[in-house]
Amino acid sequence: MDFRAMVVNDLQCPLHDQRAFDVACQVGADFKPDVLDINGDWFDLLSLSTYGGIRSLNEKTVVDFDSELERGISLAKTMIKAVKPKRVHWKNGNHEFRFVRAFTRISDAAAKAIVNSQRLKHIYDYRNLFDFDSFGVKVTYAGDYPNGLWLHPTLPPDQNVWVEHGYIARKNSGYTATALVQERGTSVIVGHCERLALIWKHSVGDRNYFGIENGNLSLIGVPPSGGHTNGQGLYFGVPHSVPDFMNHQQGMSLLTHNGEWFPELIRISKGKAVYAGKTYKS
Ligand SMILES: [Fe+2]
Ligand SMILES: [Fe+2]
């Protein structure tokens, strides 16, 4: 029986692109994956950023921690409802890691003793923080960043696909995926680097591995209000730069396994995507 999976990452809520998100939901609803793999940086956790001026860049990005969580959880539930997977895979990215990192910066000894208590750690576990119980579907949680997960439930490592958020972003599209196929020694999907690429590697013995750089679903360059809110008058994005200089692409991937893997990389641009010859619009 065919196995189908959809992989998305780098929504960066509240800096997500609502139109890209809508299109991803529509394509996913038609593809009907068994697994919806949420591969990190679903949340930006902008309010926990250590870059002072960024927390209130402009009127659209003024957020507090609670409202970021509410919005991100609600977006996850919206996608799950549209796509109807049998299971969700959840991986934290470096942005979710901001939550734990904030704890390490507490300097008050008593407060530090409290947050390091094992009982309290149980309460502020990410599974509770992001309210997985409310998703209405089974969630496989990878644990702490930068852990990844195998995409297929039963295939052995050399035939499976390793999906991780990643922590390296090479400037040229395809370089991060190429290096990771080499490093992990199997097929891989990686987020974080904001590029869009699908590369193949053939090894002797008719072994065919692929690597995907999975793009993002976030805004690419957010204009500052007043022109100087981040100190430089530059656009804010991930990272902060002029949009024209960013080699960032929106997208997601769809994978089918029917004895072999047939991965499809879906490009999303300006609220549009094409899948199976059909144009999807937000
Ligand atoms: Fe990211
Ligand atoms: Fe990331």
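Here, the structure is the one placed above.
All values derive from a computational prediction rather than experimental measurement.

What counts as what
Residues numbered from 1 in each chain as written. Chains lettered and ligands numbered in written order. Predicted model: local features only at pLDDT ≥ 70, side-chain atom pairs only at ≥ 80, totals over all residues. Heavy atoms only, no water. Helix = DSSP H or I, 4+ residues; strand = E, 2+ residues; numbered from the N terminus. Expected span 1.5 Å × (residues − 1). Buried < 20%, exposed > 50% of the residue type's maximum accessible area, 1.4 Å probe, protein only. Arc of directions from axis to C-beta. Contact = heavy atoms within 4.5 Å. Polar contact = N/O pair within 3.5 Å; in protein donor to acceptor, adjacent residues only side chain to side chain. Donors = N, O, S within 2.8 Å, 3.2 Å for Na, K, Ca; no water. Pairing = 2+ DSSP bridges. Axes fitted to C-alpha atoms, helices over the stretch in contact; angles between N-to-C directions. Tetrahedral: all angles 85-135°; square planar, octahedral: opposite > 155°, others 65-115°. Phe/Tyr/Trp six-rings, centres within 6.5 Å; stacked < 30°, edge-to-face > 60°.

Colleague: Just to check I follow, could you spell out helix α2 (residues 65–83) for this structure?
Modeller: Each α-helix winds once per 3.6 residues, and so residues spaced three or four apart point in a common direction. Along its 19 residues, α2 runs 27 Å from first to last C-alpha, staying within 8% of the 27 Å computed at 1.5 Å per residue. Those residues of α2 that fall on the buried side of the exposure criterion are Glu68, Leu69, Gly72, Ile73, Leu75, Ala76, Met79, Ile80 and Val83. Along the long axis of α2, the arc covered by the buried residues comes to 155 degrees, so they all point the same way. Exposed and oriented more than 90 degrees from the buried face of α2 are Asp66, Glu70 and Lys81. As for α2, its buried residues are in contact with β1 (3–8), α1 (18–31), β2 (35–39), β3 (87–91) and α6 (126–129). For α2, the N-terminal capping position is held by Asp64, with its side-chain oxygen 3.1 Å away from the main-chain nitrogen of Asp66. Looking at the residues trailing α2, positive phi occurs at Lys84, about 55 degrees.

Colleague: How do you make sense of helix α7 (residues 175–184) when you look at a structure like this?
Modeller: Those residues of α7 that sit buried are Thr176, Ala177, Leu180 and Val181. One side of α7 carries all its buried residues, which in axial view fall inside an arc of 130 degrees. Facing away from the buried side of α7 by over 90 degrees, the exposed positions are Gln182 and Glu183. Looking at the buried residues of α7, the elements they touch are β6 (161–164), β7 (187–190), β8 (196–203) and β9 (207–214). Positive backbone phi, at 70 degrees, marks Gly185, one or two positions downstream of α7.

Colleague: Any chance you could explain the coordination of the iron ion (ligand 1) here in plain terms?
Modeller: Six octahedral donors around a metal ideally sit at 90 or 180 degrees from one another, while four tetrahedral donors ideally sit at 109.5 degrees. Those protein atoms acting as donors to the iron ion (ligand 1) are Asp10 (OD), Gln12 (OE1) and Asp41 (OD), and they sit at 1.9 to 2.1 Å. In this structure, the iron ion (ligand 1) lies 3.1 Å from the iron ion (ligand 2), and both are coordinated by Asp41. On the criterion of sequence distance, the pair formed by Gln12 in the loop between β1 and α1 and Asp41 in the loop between β2 and α2 is long-range, its members being 29 residues apart. Here Gln12 matches Asp41 in class, with each residue buried.

Colleague: Please clarify how the sheet that holds strand β10 (residues 250–257) should be interpreted in this entry.
Modeller: Taken together, the eight strands give an open sheet; going across it, the order is β4-β3-β2-β1-β10-β11-β12-β13, and neighbouring strands pair in mixed fashion. Strand pairing shows two members of the sheet lacking a second neighbour, β4 (138–141) and β13 (278–281), which therefore form its edges. For this sheet the average axis-to-axis angle between neighbouring strands, irrespective of direction, equals 20 degrees. Relative to β10, β1 runs antiparallel, the two being bridged by five bridges. Across the sheet, Arg4 pairs through a bridge with Thr256, a residue of β10.

Colleague: Just checking my understanding: could you explain the coordination of the iron ion (ligand 2) for this structure?
Modeller: Within the protein, the atoms that donate to the iron ion (ligand 2) are Asp41 (OD), Asn94 (OD1), His165 (NE2) and His192 (ND1), at distances of 2.1 to 2.2 Å. One way to put it: the four donor atoms around the iron ion (ligand 2) meet at angles of 91 to 159 degrees, and that makes the site irregular. Mapping the donors of the iron ion (ligand 2) onto the primary sequence gives the spacing D-x52-N-x70-H-x26-H. Since its relative accessible area comes to 24%, Asn94 is described here as partly exposed. Residue classification places His165 among the buried residues on the basis of a relative accessible area of 1%.

Colleague: Explain the side chain of Thr186 here, please?
Modeller: By the secondary structure assignment, Thr186 is in the loop between α7 and β7. A polar contact of 2.8 Å, which involves the side chain of Thr186, links it to the backbone oxygen of Pro157. Polar contacts involving the side chain of Thr186 include one to the main-chain carbonyl oxygen of Asn160, which spans 3.4 Å. In this structure Thr186 touches Trp150, Pro157, Asp158, Asn160, Trp162, Val181, Tyr209 and Phe210, once residues within four positions along its chain are discounted.

Colleague: Honestly, the packing of aromatic side chains in this entry has me stumped. Any pointers?
Modeller: In this description, a pair of aromatic rings is defined by centroid distance and the angle of the planes. Under the definition given, this model contains 21 aromatic pairs. Between Trp90 and Phe130 the ring centres are 5.4 Å apart and the planes differ by 45 degrees, which places this aromatic pair in the tilted class. Taken as a pair, Trp90 in strand β3 and Phe130 in the loop between α6 and β4 lie far apart in primary sequence, 40 residues in all. A relative accessible area of 1% means that Trp90 is categorised as buried. Given a relative accessible area of 0%, Phe130 falls into the buried group. Judged by centre distance (5.0 Å) and plane angle (70 degrees), the rings of Trp150 and Trp162 are edge-to-face. Within this pair, whereas Trp150 is found in strand β5 (residues 149–150), its partner Trp162 is found in strand β6, the two being separated by twelve residues in sequence.

Worth remembering: the numbers are spatial, not functional.
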